[in-house]
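So the chains spell out like this:
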Amino acid sequence: MFSFQANGWGADVAHRLARKCDVVNRGLSGYNSRWAKLLLPRLLDTTSSADNNIAAVTVFFGANDCALQDKNPQQHIPLEEYSENLRAITGLLSSAGVPADRVIFITPPPLHEPAWEKECILKGHPLNRLNSAAGQYAEACVQVAGQCGAAALDLWTLMQKDGQDYTVYLSDGLHLSQKGNQFVALHLWGLLESRVADLPFILPYWGDVDAESPESSLLGDQ
């Protein structure tokens, strides 16, 4: 949900694709894959999605699903069900005219437990997530993507690659910081670029508009 905030990764992608396609944000803070699977049919128009030429869909779940069952049962989703939910989401997208090769799964990022524990304590709760659990869900996400023929952006692995300090990518131990959003935008664009490379520029460059007969330039394809 926060990807369109200032310096968010969604805003970055939307900027790159200005006048080529609309980038639609349907993220919902705190939601898990079970709730997303239930809501997705309401978000998809199965009668016209194929005609709308959807270039790509990102599916970003796992950070809430991996919450510990005994500490946060509201958001927790068992690992096996999480995998099944991702498969179901792929199937729903396919039925709406979005094939698996246009789907990009994004894994949960790593969790910095000390920082997130402070946030939990401020809200009167014990630590309710572990980085090791986030890693299990990230691995499952990558596996499902491979099985379904979708792409995967493995944030959990990339952000910890070569022992780098992944805490700079997190604002509170769980959510993305400005650097984290930049990281996602950069790596996601590497997967998106080939999928949107052939999108035409919407409407002509202003200098190419016929000033004497703008209708011929702007409405000629109607």
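So, how was this worked out
Along each chain, numbering runs from 1 in the same order as the chain's sequence is written. In keeping with the predicted nature of the model, local features appear solely for residues at pLDDT of at least 70, side-chain atom pairs appear and are counted solely at 80 or more, and the whole-chain, interface and lining totals rest on all residues. Hydrogens are left out, water is left out, and the side-chain values use all remaining heavy atoms of the structure. Any residue under 20% of the maximum accessible area for its type is buried, any over 50% is exposed, and the rest in between are partly exposed; the area is computed with a 1.4 Å probe on protein chains only. Counting from the N terminus, the helices are the DSSP runs of H or I reaching at least four residues and the strands are the DSSP runs of E reaching at least two. With strands facing away from the observer, any crossover in which the path from the first strand over the helix to the second runs clockwise is taken as right-handed. For this quantity, the arc is that covered by the directions from the helix axis to the C-beta atoms. In the analysis that follows, any N or O atom pair within 3.5 Å is treated as a polar contact, provided that within protein one partner can donate a hydrogen and the other can accept it, and provided that, for residues neighboring in sequence, both atoms belong to side chains. The axes used here are C-alpha line fits, helices contributing only the stretch in contact, and every angle between their N-to-C directions lies in the interval 0 to 180 degrees. Between 65 and 115 degrees an angle is taken as roughly perpendicular, under 35 as roughly parallel, over 145 as roughly antiparallel, and anywhere else as oblique. Crossing handedness is read from the near helix: turned anticlockwise from the far helix by less than a right angle, it gives a left-handed crossing, and turned clockwise, a right-handed one. Contact between two residues is taken to exist if any of their heavy atoms lie within 4.5 Å; hydrogens are not considered. What we call a nonpolar core is a set of buried Ala, Val, Leu, Ile, Met, Phe, Trp, Tyr and Cys residues that are connected through their side-chain atoms within 4.5 Å. In this scheme, strands are said to pair when DSSP sees at least two bridges between them. A pair of aromatic rings is counted whenever rings of Phe, Tyr or Trp (Trp by its six-membered ring) have centres within 6.5 Å, and the orientation is called stacked for planes under 30 degrees apart, edge-to-face for over 60 and tilted otherwise.

> With reference to specific residues and values, describe the pairing of strand β1 (residues 57–60).
Residues Val-57 and Val-59 of β1 are buried on one face, while the alternating residues Thr-58 and Phe-60, pointing to the opposite face, are not. In terms of handedness, the path from β1 via helix α3 (residues 79–95) over to strand β2 (residues 103–106) forms a crossover that is right-handed.

> Let's hear about helix α2 (residues 33–43): which residues, and what values?
Inspection of α2 places Ser-33, Ala-36 and Leu-40 among the buried residues, and these make up the whole buried set. In a view along the axis of α2, the buried residues occupy a sector of 45 degrees, so they form one face of it. Exposed and oriented more than 90 degrees from the buried face of α2 are Leu-38 and Arg-42. Its side-chain oxygen at 3.2 Å from the backbone nitrogen of Arg-34, Asn-32 defines the N-terminal cap of α2.

> Describe in detail the packing of α2 against α3, supporting the description with residues and values.
Running from N to C, α2 and α3 cross one another at 15 degrees; their axes reach a closest spacing of 9 Å. Judged on the interaxial angle alone, α3 and α2 are roughly parallel. Handedness of the α2/α3 crossing: left-handed. Residue-level contacts link Ser-33, Arg-34, Ala-36, Lys-37, Leu-40 and Pro-41 of α2 to Glu-81, Tyr-82, Asn-85, Ala-88, Ile-89, Leu-92 and Leu-93 of α3.

> Run through the nonpolar core, naming residues and quoting values.
By size, the foremost hydrophobic cluster in this structure holds 22 residues, and its most contacted members are Val-59, Tyr-82, Leu-86, Ile-89, Leu-93, Val-103 and Phe-105. Broken down by secondary-structure element, the contributors of at least two residues to this core are α2, β1, α3, β2 and α5 (131–148). Considering every element that reaches this core, the biggest residue donor is α5, with six residues. Contacts of Leu-86, omitting those with residues within four sequence positions, involve Val-59, Phe-105, Cys-141 and Val-144. By size, the runner-up hydrophobic cluster in this structure holds 21 residues, among which are Trp-9, Val-13, Ile-106 and Leu-192.

> Describe in detail unusual backbone geometry, supporting the description with residues and values.
Of note, the phi angle at Asn-7 is positive, near 70 degrees, even though the residue is not glycine. Turning to its location among the elements, Asn-7 is positioned in the segment before α1 (9–16). Of note, the phi angle at Asp-162 is positive, near 60 degrees, even though the residue is not glycine. Along the polypeptide, Asp-162 turns up in the loop between α6 (155–158) and α7 (178–196).

> Please give an account of the sheet that holds strand β3 (residues 151–153) that cites residues and values.
Taken in spatial order, the three strands line up as β1-β2-β3 in an open sheet, and their pairing is parallel. Edge positions in the sheet fall to β1 and β3, since each of these pairs with one other strand and no more. For this sheet, the mean inter-axis angle between neighbouring strands, taken without regard to orientation, is 25 degrees. In this structure, β2 lies alongside β3, joined through three bridges in parallel fashion. The residue bridging Phe-105 from the neighbouring strand is Ala-152, located in β3. Relative to the sheet, α3 contacts β1 and β2, its axis offset from that of β1 by approximately 160 degrees.

> So, the packing of aromatic side chains: which residues are in play, and what are the values?
A complete count under the given rule lists five aromatic pairs for this structure. Centroid distance Tyr-82 to Tyr-137: 5.2 Å. Interplanar angle 50 degrees. Geometry classified as tilted. Note that Tyr-82 is positioned in helix α3 and Tyr-137 in helix α5, a separation of 55 residues in sequence. Accessibility assignment for this pair places Tyr-82 and Tyr-137 in one class, buried. For the pair Tyr-205 and Trp-206, a centre-to-centre distance of 5.6 Å together with 45 degrees between the ring planes defines the contact as tilted. Exposure remark for Tyr-205: the relative accessible area of 47% places this residue in the partly exposed category.

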